[in-house]
Amino acid sequence: KLRERKMEVVPMTIFARGADWALEELANSDYDVLSLNWTVNPIDARKQVGSKSLQGNLEPAVLFADGPRIRSEAAKMVKSFGTHGYIANLGHGMLPSMKPEALEVFVD
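Everything numeric in this text was worked out from a predicted model, so none of it was measured.

Visitor: What exactly am I supposed to notice about the packing of aromatic side chains here?
Guide: Any aromatic ring pair is given by two values, namely how distant the centres are and how the planes are angled relative to each other. Scanning the entire structure with this criterion turns up 1 aromatic pair. Pairing Phe81 with Tyr86 gives two aromatic rings, centres 4.3 Å apart and planes at 15°, and the pair type is stacked. For Phe81, a relative accessible area of 4% puts it in the buried group.

Here it is in structure tokens:
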């Protein structure tokens, strides 16, 4: 609708939990970014969506681990997605019992 009204287009992200079966269809939608939860294989997702930007998808429970393990899992995630058209993110967010310092390790 923004395009129809000749307004500045705002990049849009969709998080369709449980809809990994529809990734190809979502890739052909007007959304700019597809956000994936931690259960979706990034290599398979990339094959299905081509150059569409992806966001995700570290298993949030990893933040209960120690710093070296968090860094290792985050690095593995980034390598799986590649660095083009990718936004690193947790698979569905933090739990109240997670320490903010663990997120700091993930971001670093």
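Visitor: Any chance you could explain helix H3 (residues 67–81) here in plain terms?
Guide: Helical geometry: 3.6 residues make up each α-helical turn, so side chains three or four residues apart lie on a common side. Look at H3: 21 Å from first C-alpha to last across 15 residues, which is about the 21 Å you get at 1.5 Å a residue. Looking only at H3, the buried set comprises Gly67, Ile70, Glu73, Ala74, Met77 and Phe81. For H3, the arc enclosing every buried residue in end-on projection is 135°, short of the 170-degree limit, so these residues lie on one face. Exposed and facing more than 90 degrees away from the buried side of H3 are Pro68 and Lys79. Considering only its buried residues, H3 is in contact with helix H2 (42–49), strand E3 (53–58), strand E4 (86–90) and helix H4 (100–107). For H3, the side-chain oxygen to backbone nitrogen distance between the N-cap and Arg69 is 3.0 Å, and the N-cap itself is Asp66. Just downstream of H3, Gly82 is the residue with a positive phi angle, here 85°.

Calculation rules
Residues numbered from 1 in each chain as written. Predicted model: local features only at pLDDT ≥ 70, side-chain atom pairs only at ≥ 80, totals over all residues. Heavy atoms only, no water. Phe/Tyr/Trp six-rings, centres within 6.5 Å; stacked < 30°, edge-to-face > 60°. Buried < 20%, exposed > 50% of the residue type's maximum accessible area, 1.4 Å probe, protein only. Helix = DSSP H or I, 4+ residues; strand = E, 2+ residues; numbered from the N terminus. Expected span 1.5 Å × (residues − 1). Arc of directions from axis to C-beta. Contact = heavy atoms within 4.5 Å. Polar contact = N/O pair within 3.5 Å; in protein donor to acceptor, adjacent residues only side chain to side chain.

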